[in-house]
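Chain and residue survey
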Amino acid sequence: MIDITTSTAAGDRNAATRSQDDDDGNLQYSVGFSNMLESGDIPGIGQYDDFHTIDWQRDIARDRMRHRYIVKKKQDSIWTLLAGAHDAWSGWLCVLLVGLATGAVAGVIDIGATWMTDLKFGICPQAFWLNQEHCCWSPSEADLDSGNCSQWKTWAEILGHSSKGAGAYIISYLFYIVWALLFAALSASLVRMFAPYACGSGIPEIKTILSGFIIRGYLGKWTLIIKCVGLILSVSAGLSLGKEGPMVHIACAIGNILSYLFPKYGRNEAKKREILSAAAAAGVSVAFGAPIGGVLFSLEEVSYYFPLKTLWRSFFCALIAAFILRSINPFGNEHSVLFFVEYNKPWIFFELIPFIALGIIGGVIATIFIKANLYWCRYRKYSKLGQYPVTEVLVVTVITAVFAYPNPYTRMNTSQLIYLLFSQCGISNSDDLCDYNRNFTDVNSIEIAAAGDGVYRAVWLLILALVFKLIMTIFTFGMKVPCGLFIPSLCLGAIVGRLVGIFVEQVAYTYQKNWIFSGECSTGDDCITPGLYAMVGAAAVLGGVTRMTVSLVVIMFELTGGVRYIVPLMAAAMASKWVGDALGRQGIYDAHIALNGYPFLDSKDEFAHTSLAADVMQPKRNETLSVITQDSMTLDDIEQLLKETEHNGYPIVVSRESQYLVGFVLRRDLNLAIANEKRMVDGICGQSLVLFTSGHTIQALGPPPLKLKRILDMAPITITDQTPMETIVDMFRKLGLRQTLVTHNGRLLGVITKKDVLRHVKQMDNEDPSSVLFN
């Protein structure tokens, strides 16, 4: 039986007094939390040190006590009434500001990245701040699609050469490499000098922070600024990375900074995470123009604590962010989505077979990527390579630029490539992918036709692009520049999907009269849409890499506007996840959390072992437990204990002989309270008694005592030594515990902390328990 009641000392004469002191006659535990609330007059109480876990129960209880106090005082004056109203709507105001700021920042990043990406190819001499598309918006330009625009000058033309020929190609090639190197070097140098936390995707760390871990500075203003600037630079360098994942980190940093405008959230770590969950939704919303997908992504993938009010606020925040981004319109089109598609053909039932096959291929590609990337990141972490982050970035950039430029599909911006692969062939599309032997007699219907030489040339270039993108993404993800994984994963999947789509299309053309195709393809219309296969393939690889399911499907149909293709997307996403789970346990984000040793208890994992609390608790049965007595230890004794041990908290007992539990005190709170007492009370010395009780008679002769009852948590969660670890792991996950005390017949035996639980889980799974990162 689990005992999670308040632990009170047997025979503690102050218990009755404590109950009477409580005005409302609340349960005993309210007193413990009100003590913590009252201790707010000691500076720093209720905050946490770097690389420590927050106590969800304590923080949520503190907020409830604060709320009750405000409600109680509401009727006192008009000022307190207004203060109560402000407190009620401050959460909505905060997420509104987060949405506005996130949308604006995303617009700036999108515009900056597009302009600087085009800078590698040329410049608009009449208005250098315009990218190629905007430079060619002049009404006199008749042929924009073919890229022949007189306003836009390539670097070869700027230097006086013609735009065609070997000389122009070599000049363009060199400028491409030089600009890429310059952007990458600047990005890596900024990250290294000003904000080391700005590198990578940020989603593994955001998941860890939302689960209740403190990483100071990870969501700070310097990290935000350098992440934004570095992201524009690294995307513009043409590296195999995306800006969509880091948008979640940027949005959460904005949420963290703005939460300090509202003390209700800024001073309470558990409440702050409600704002960060909403910010994560806004980040995905502006990354893809997918507000509903953003909310589901926050719920499914990153958030740990997600009450109903956070769902509504996330929805509101994502909506505002998407609205602001749409107002800025960085994509320069009438659609707010990234890759709008205009397919009008319904999918055929037999196509579910290639769609599921795409899911399987996506799962395999994702597993290869995750295993290879983890191997490389582990090598980087433990070898000398990790000491030269800027050099590594420059080497990868040179290799990427040199091999990317000759292939038109790797030279272009990855988002453009995905859009091209998603597109349906029409009259205006002049790419090799659409080189079919067909005559366009009717604009509304396209006939099924044999592939021309251009399609076969495009297929070989796409196969080379697939291999190149996969290899370069393995080496790029995890480098010391801001880098996301959504766009490279979508690109890999889109290439595979388009290739499979072309294959199925040609099979359907060759065997039009076969019973499988006879219904839909016998009319001569193009019944197979290769772009749809690209879309399904993109979802399959992204699902395999991240292990998203519901949010992925919603993001994909919001991303493309293809609502009628939900079933193919669902089939591919499920197949991809099953294959990924069969070949490797973790998605890329969970794998990187484990690699970095972050203390993350995944609520999706099951604990299948049969150990008990007594097997895990510290200290073991034959070792001594570090405790503080309620009224018999001097200040010297306490300070000696703090010096000799490094525990984050200490149980308070009646006496060393009885070991009956009174409460629990945190090390940080104890240090702050002692320093505060020394400052406020004259005459305190090493012989002063430290009291965690009320009503103690003070001896007139001795030095004045330190009364520290107000920092005591008299409602620590306790369990018995026979409680199964399965139950304890569930308690740590669902209650967000920092530690729990182990008792036997009411007497204190030991403590189980989150660190002990994580290390025990690692040990049971035959992994290295010392890899868990804690201070």
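Taking an unreviewed UniProt entry as the reference, the protein chain is identified by name as Chloride channel protein belonging to Photinus pyralis. Its UniProt record gives the protein chain a comment under Sequence similarities (unreviewed entry), which states: "Belongs to the chloride channel (TC 2.A.49) family."

Let's talk about the overall build of the protein chain
When helices and strands are counted, the protein chain shows 30 helices and 11 strands. Burial status across the protein chain gives 56% buried among its 775 residues. Contacts in the protein chain between residues at least 24 apart in sequence constitute 74% of all its contacts with a sequence separation of at least 6. Of the roughly 33,600 Å² that the protein chain leaves accessible, carbon and sulfur atoms contribute 60%.

Structural notes on the nonpolar core
Nonpolar side chains in soluble globular proteins generally cluster together in the buried interior. Membership of the largest hydrophobic core comes to 180 residues, with the highest contact counts inside it found for Phe422, Leu490, Met556 and Ile752. Considering each element in turn, this core owes the most residues, 12 residues, to helix α20 (residues 486–510). Among residues more than four places away in sequence, those in contact with Phe422 are Phe339, Val341, Tyr343, Ala494, Arg498, Gly531, Ala534, Met535, Ala538, Met556 and Thr560. Within the second largest apolar cluster, 23 residues are counted, among which are Met633, Val662, Val665 and Ile674.

Overview of a negative patch on the surface
Negative charge collects at one region of the surface, where Asp605, Glu606, Glu726 and Asp765 lie side by side. Following the sequence through the fold, Glu726 ends up in helix α29 (residues 725–735).

Observations regarding the packing of aromatic side chains
Counted by the stated rule, this structure contains 21 aromatic pairs. For the ring pair Trp179 and Phe183, a centre distance of 5.4 Å and an interplane angle of 35° mean the geometry is tilted. Highlighted residues: Trp179 and Phe183, both in helix α7 (residues 166–194), separated by 4 residues, approximately one helical turn. For the pair Trp179 and Phe183, a shared accessibility class is recorded, and that class is buried. Taken together, the ring pairs in this structure connect Phe121, Tyr169, Tyr173, Tyr176 and Tyr405 into an aromatic cluster. In this arrangement the basic side chain of Arg411 is found over the ring face of Tyr405, its NZ or CZ atom lying 4.3 Å from the centre. Seen from the ring of Tyr660, Arg747 lies directly overhead, with NZ or CZ sitting 5.9 Å from the centre.

So, the pairing of strand β5 (residues 649–653)
Most of β5 sits inside the fold, with 5 of its 5 residues counted as buried. Both faces of β5 are covered, namely the face carrying Gly649, Pro651 and Val653 and the face carrying Tyr650 and Ile652. Here 5 bridges tie β5 to strand β6 (residues 661–666), and the two strands are oriented antiparallel to one another. Along β6, the bridge assignment pairs Val653 with Leu661.

A closer look at helix α28 (residues 667–680)
With 14 residues, α28 extends 20 Å from end C-alpha to end C-alpha; this agrees with the ideal 20 Å at 1.5 Å per step. All of the buried residues in α28 are Arg667, Asp669, Leu670, Ala673, Ile674, Asn676 and Glu677. In this structure, the buried residues of α28 make contact with α3 (56–73), β3 (628–629), α27 (635–644), β5, β6 and β8 (706–707).

Some points on the sheet that holds strand β11 (residues 747–753)
Spatially, β9-β10-β11 is the arrangement adopted by the 3 strands of the open sheet, whose pairing is mixed. Whereas interior strands pair on both sides, the edge strands pair on one side only; in this sheet they are β9 (718–720) and β11. Ignoring which end each strand starts from, the neighbouring axes of this sheet average 35° apart. Looking at chain direction, strand β10 (residues 739–744) and β11 are connected through 6 bridges and run antiparallel. From the neighbouring strand, Gln739 faces β11, where its bridge partner is Thr753. In the packing of α29 onto the sheet, the strands contacted are β9, β10 and β11, and the crossing angle to β11 comes to about 60°.

With respect to the state of the cysteines
Inspection of the entire model under this criterion finds 2 disulfides. What pairs with Cys124 in a disulfide is Cys135, and their sulfur atoms sit 2.0 Å apart. One quick way to see it: the torsion about the S-S bond of Cys124 and Cys135 is about 75°, and its sign makes the bridge right-handed. Taken together, the residues span a long stretch of sequence, with Cys124 in the loop between β1 (122–123) and α5 (132–135) and Cys135 in helix α5 at a distance of 11 residues. Take Cys124 and Cys135: they sit in the same class, and that class is buried. Between the sulfur of Cys425 and that of Cys434 lies a disulfide, 2.0 Å long from S to S. Its torsion about the S-S bond being -85°, the disulfide of Cys425 and Cys434 is classed as left-handed.

Observations concerning a nonpolar patch on the surface
Taken together, Trp92, Ile292, Leu308, Trp312 and Phe315 make up a surface patch of nonpolar side chains, about 560 Å² in accessible area. Take Trp312: it is sitting in helix α14 (residues 308–328).

What about the environment of Leu492?
Residue placement: Leu492 occurs in helix α20. Along the primary structure Leu492 and Val467 are separated by 25 residues, whereas in three dimensions their C-alpha atoms are 8.8 Å apart. Ignoring any residue separated from it by four or fewer positions in sequence, one finds Leu492 in contact with Leu466, Lys469, Leu470 and Val541.

Structural notes on the pattern of salt bridges
Inspection of every chain in the model, using the stated rule, returns 23 salt bridges. Asp49 is the salt-bridge partner of Arg668, the closest N and O atoms lying 2.6 Å from each other. Here Arg668, found in helix α28, pairs with Asp49, found in the loop between α2 (28–38) and α3; they are 619 residues apart in sequence, far enough to count as distant. Residue classification places Arg668 among the partly exposed positions, given a relative accessible area of 22%. Here Asp49 falls in the partly exposed class, since its relative accessible area comes to 33%. Where Arg380 meets Glu392, a salt bridge forms, and the shortest distance between an N and an O atom there is 2.9 Å. Placement of Arg380 in helix α15 (residues 352–382) and of Glu392 in helix α16 (residues 389–404) is noted, with a sequence separation of 12 residues between them. For Glu392, a relative accessible area of 7% corresponds to the buried category. Salt bridges sharing partners connect three or more residues here, namely Asp63, Arg66, Asp87, Lys264, Lys271, Glu274 and Arg313.

Things to note about α14
An α-helical segment advances 3.6 residues per turn. Residues three or four places apart therefore align on the same side. In a regular helix each residue adds 1.5 Å, so 21 residues correspond to 30 Å; α14 covers 31 Å between its end C-alpha atoms and thus fits that length. For α14, the complete set of buried residues consists of Thr310, Arg313, Ser314, Cys317, Ala318, Ile320, Ala321, Ala322, Ile324 and Leu325. Where α14 is buried, its residues touch α4 (78–119), α11 (263–266), α12 (269–288) and α13 (291–302). Looking at the residues trailing α14, positive phi occurs at Asn329, about 55°.

Description of the packing of α4 against α14
Where α4 contacts α14, the axes come no closer than 8 Å and their chain directions differ by 35°. For α4 against α14, the interelement crossing comes out right-handed. Among the residues making up the contact of α4 with α14, the classes are represented as 16 nonpolar, 5 polar and 2 charged.

Some remarks on the confidence of the model for the protein chain
In the predicted model, the protein chain carries a mean pLDDT of 84, and the fraction of residues at 70 or more is 88%. By mean pLDDT, the top-scoring element of the protein chain is helix α9 (residues 221–236) (95), and the lowest-scoring one is helix α1 (residues 14–21) (37). In the predicted structure, residues 1–40 sits below a pLDDT of 50 and forms 70 contacts with residues beyond four places in sequence or in another chain. Here residues 139–146 is modelled with pLDDT under 50, and outside its nearest four sequence neighbours on either side it reaches 7 contacts, counting other chains as well.

Comments concerning the sheet that holds strand β4 (residues 633–634)
Read across the open sheet, the 3 strands follow the order β4-β7-β8; overall the sheet is mixed. The open sheet has two free edges, formed respectively by β4 and β8, since each of these has just one partner strand. Here β4 runs beside strand β7 (residues 689–691); their pairing, made up of 2 bridges, is antiparallel. Residue pairing for β7: Thr634 is matched across the bridge by Leu689.

Conventions used here
- Residues numbered from 1 in each chain as written.
- Predicted model: local features only at pLDDT ≥ 70, side-chain atom pairs only at ≥ 80, totals over all residues.
- Heavy atoms only, no water.
- UniProt positions renumbered as here; feature names shortened; annotations may be inferred.
- Helix = DSSP H or I, 4+ residues; strand = E, 2+ residues; numbered from the N terminus.
- Buried < 20%, exposed > 50% of the residue type's maximum accessible area, 1.4 Å probe, protein only.
- Contact = heavy atoms within 4.5 Å.
- Areas by Shrake-Rupley, 256 points an atom, 1.4 Å probe, with all protein chains shown as cover.
- Core = buried A, V, L, I, M, F, W, Y, C linked by side-chain atoms within 4.5 Å.
- Patch = residues over 30% accessible without salt bridge, like charges linked within 9 Å, V, L, I, M, F, W, Y side chains within 5 Å.
- Salt bridge = Lys/Arg side-chain N within 4 Å of Asp/Glu carboxyl O.
- Lys, Arg positive; Asp, Glu negative; His and termini not counted.
- Charge placed at Lys NZ, Arg CZ, Asp CG, Glu CD.
- Phe/Tyr/Trp six-rings, centres within 6.5 Å; stacked < 30°, edge-to-face > 60°.
- Lys NZ or Arg CZ within 6 Å of the ring centre and 35° of its normal.
- Pairing = 2+ DSSP bridges.
- Expected span 1.5 Å × (residues − 1).
- Axes fitted to C-alpha atoms, helices over the stretch in contact; angles between N-to-C directions.
- Disulfide = S-S within 2.5 Å.
- Left-handed = near helix turned anticlockwise from the far one by under 90°.
- Nonpolar A, V, L, I, M, F, W, Y, C, P; charged D, E, K, R; others polar.
- pLDDT = per-residue confidence, 0-100.

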